[in-house]
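These are the residues of each chain, in order.
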Amino acid sequence: GTYQDEEGKTACKPCKAGSYCQKGAAAALPCDGGTYSSATDNDEQGDCVPAAPGSFAVTGSTQQTPCPKGSYTNEPKKGECTPCSSGTYQDEEGKTACKPCKAGSYCQK
């Protein structure tokens, strides 16, 4: 969970949030898309936490983010949300599915 990017130093630096640092690292490596971490002592990619369904995490995230209105994800470990397709909508954040348009209404993609 530490790295050192300068020569001649006697101590390592703590890993950065949103990253992991393998033994002997010269730089912090970002958590993969779909995972996140606020910890500063991660030493492998597996220490990064998968984003939950209804949320996403871009590469190097320190937290997961709820899918915005108009989108969803129904799987864990996603780096982005899927826009609702034509004929469906989502008027809430952090959801795992879109809702069908109500009879007599129009939903545009």
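In this report, the structure presented in the accompanying data block is examined.

About the criteria used
Residues numbered from 1 in each chain as written. Predicted model: local features only at pLDDT ≥ 70, side-chain atom pairs only at ≥ 80, totals over all residues. Heavy atoms only, no water. Helix = DSSP H or I, 4+ residues; strand = E, 2+ residues; numbered from the N terminus. Rg over C-alpha atoms; globule rule 2.2 N^0.38 Å. Buried < 20%, exposed > 50% of the residue type's maximum accessible area, 1.4 Å probe, protein only. Contact = heavy atoms within 4.5 Å. Areas by Shrake-Rupley, 256 points an atom, 1.4 Å probe, with all protein chains shown as cover. Polar contact = N/O pair within 3.5 Å; in protein donor to acceptor, adjacent residues only side chain to side chain.

### Some words on the overall build of the protein
Reasoning step 1: When helices and strands are counted, the protein shows 0 helices and 12 strands.
Reasoning step 2: Ordered by position from N to C terminus, the α and β elements of the protein give β-β-β-β-β-β-β-β-β-β-β-β.
Reasoning step 3: Expected size for 109 residues packed as a compact globule is a radius of gyration near 13 Å; at 19 Å, the protein overshoots this value by more than 25%.
Reasoning step 4: Principal-axis analysis of the C-alpha atoms places the extent of the protein at approximately 70 × 20 × 15 Å.
Reasoning step 5: Considering the protein as a whole, with its 109 residues, one finds that 28% of them fall into the buried category.
Reasoning step 6: Partitioning the contacts of the protein with sequence separation of at least 6, the portion at a separation of at least 24 is 28%.
Reasoning step 7: In the structure as shown, the protein presents an accessible area of about 6,700 Å², 48% of it carried by carbon and sulfur atoms.

### Focus on the side chain of serine 71
Reasoning step 1: Inspection of the secondary structure puts serine 71 in strand β9 (residues 71–72).
Reasoning step 2: Polar contacts involving the side chain of serine 71 include one to the main-chain carbonyl oxygen of proline 68, which spans 2.8 Å.
Reasoning step 3: Beyond its immediate sequence surroundings of up to four residues, serine 71 is in contact with Cys81, Thr82, Pro83, Cys84, Gln90 and Lys95.

### Quick look at the side chain of threonine 73
Reasoning step 1: Along the chain, threonine 73 turns up in the loop between β9 and β10 (82–83).
Reasoning step 2: Not counting residues within four places of it along the chain, the set of residues in contact with threonine 73 comprises Pro53, Gly54, Ser55, Cys67, Lys78, Glu80, Cys81, Lys95 and Thr96.

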